[in-house]
Amino acid sequence: MENCPFCKIVNRRLPADIVYENDRVLVFRDIHPAAPVHLLVVPKIHIQTLSDCTGVHAGLLGEMMALIPSLADQQRIGVVGSTAETRVGGYRIIINTGPDGGQEVYHLHIHLIGGPRPWKYKN
Ligand code: 5GP
Ligand code: ZN
């Protein structure tokens, strides 16, 4: 899409700090990080919002979601430890959707946010 910043990043017409890429998905750092780690996971095709997705997008959405644990481990924010006493790390994923959802960029994206608190993620 002509004026979509995330399409421009996908097409390398706008720079970004890219941390992962495959044929369908691109992952880059948010330009205004709200926490020590703040990545955006985007499909390479332009989809405006999660509300535009249907069953035909299940594979793509599943792939984006399934990437999260390895991205978190790569960024050293994955959960380590298996009991309440030993467990550390962790992160949050967010898909802001539409005006009431606080979406600002209308190209579907998953925020992956983590690292030591405090964070400044918007409500
Ligand atoms: P939304 O509010 O739509 O869920 O989140 C959009 C996110 O995209 C914001 O966190 C914002 O900082 C980030 N963002 C907006 N424009 C750019 C850009 O050109 N490059 C990068 N890396 N991030 C951007
Ligand atoms: Zn786009």
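Before reading further, recall that the structure is shown in the block above.
The rules behind the values
- Per-chain numbering applies: the sequence of each chain, read as written, is numbered from 1 onward.
- Chain labels run from A onward and ligand labels from 1 onward, assigned in the order the entries are written.
- Only residues with pLDDT of at least 70 are given local features in this predicted model, and only at 80 or more are side-chain atom pairs given and counted; all residues enter the totals for whole chains, interfaces and linings.
- Calculated side-chain values reflect all of the structure's heavy atoms, with hydrogen atoms and water omitted.
- Strands are runs of DSSP state E lasting at least two residues, helices are runs of H or I lasting at least four, and both sets are numbered from the N terminus onward.
- Between the first and last residue of a helix there are one fewer steps than residues, each counted as 1.5 Å, and that sum is the expected span.
- What we call the bend at a residue is the angle made by axes fitted to the seven residues finishing there and the seven residues starting there.
- Categorising residues by exposure relies on relative accessible area from a 1.4 Å probe, with only protein chains included: less than 20% of the type maximum marks a residue as buried, more than 50% marks it as exposed, and the intermediate range marks it as partly exposed.
- Residue contacts are counted whenever heavy atoms from the two residues lie within 4.5 Å of one another.
- By nonpolar core we mean a set of buried residues, namely Ala, Val, Leu, Ile, Met, Phe, Trp, Tyr and Cys, connected to one another through side-chain atoms within 4.5 Å.

Participant: For this particular structure, what's the right way to read unusual backbone geometry?
Facilitator: Negative phi is the rule for most residues except glycine; trans is the rule for most peptide bonds. A cis amide bond, omega 15°, links Arg117 with the succeeding residue Pro118. Relative to the helices and strands, Pro118 resides in the segment after strand E5 (110–114). Phi is positive for Arg12, close to 65°, though the residue is something other than glycine. Inspection of the secondary structure assignment puts Arg12 in the loop between helix H1 (5–10) and strand E1 (18–21). Positive phi, normally seen in glycine, also occurs at Arg76, with a value near 65°. Positionally, Arg76 belongs in the loop between helix H2 (58–74) and strand E4 (91–94).

Participant: What is the right way to read H2 from this model?
Facilitator: For an α-helix, the turn length of 3.6 residues means that residues three or four places apart are oriented alike. Taking 1.5 Å per residue, 17 residues should reach 24 Å; H2 reaches 25 Å between its end C-alpha atoms and fits that length. Helix geometry: H2 is bent most strongly at Ile68, by close to 30°, with proline Pro69 lying one to four residues after it. Turning to H2, its buried residues number three or more, namely Leu60, Met64, Leu67, Ile68, Leu71 and Ala72. Elements in contact with the buried residues of H2: E1, strand E2 (25–29), strand E3 (37–43), E4 and E5.

Participant: Where do I start with the nonpolar core in this structure?
Facilitator: Judged by nonpolar contacts, the single largest core of 18 residues is most densely connected at Val25, Val27, Leu39, Val41, Met64, Leu71 and Leu112. Among the elements of the structure, E2, E3, H2 and E5 are those that each provide at least two residues to this core. A total of six residues in this core trace back to one element, the largest contributor, which is H2. Core analysis: the next-biggest nonpolar cluster, separate from the first, contains nine residues, Phe6, Leu26, Leu40 and Val42 among them.

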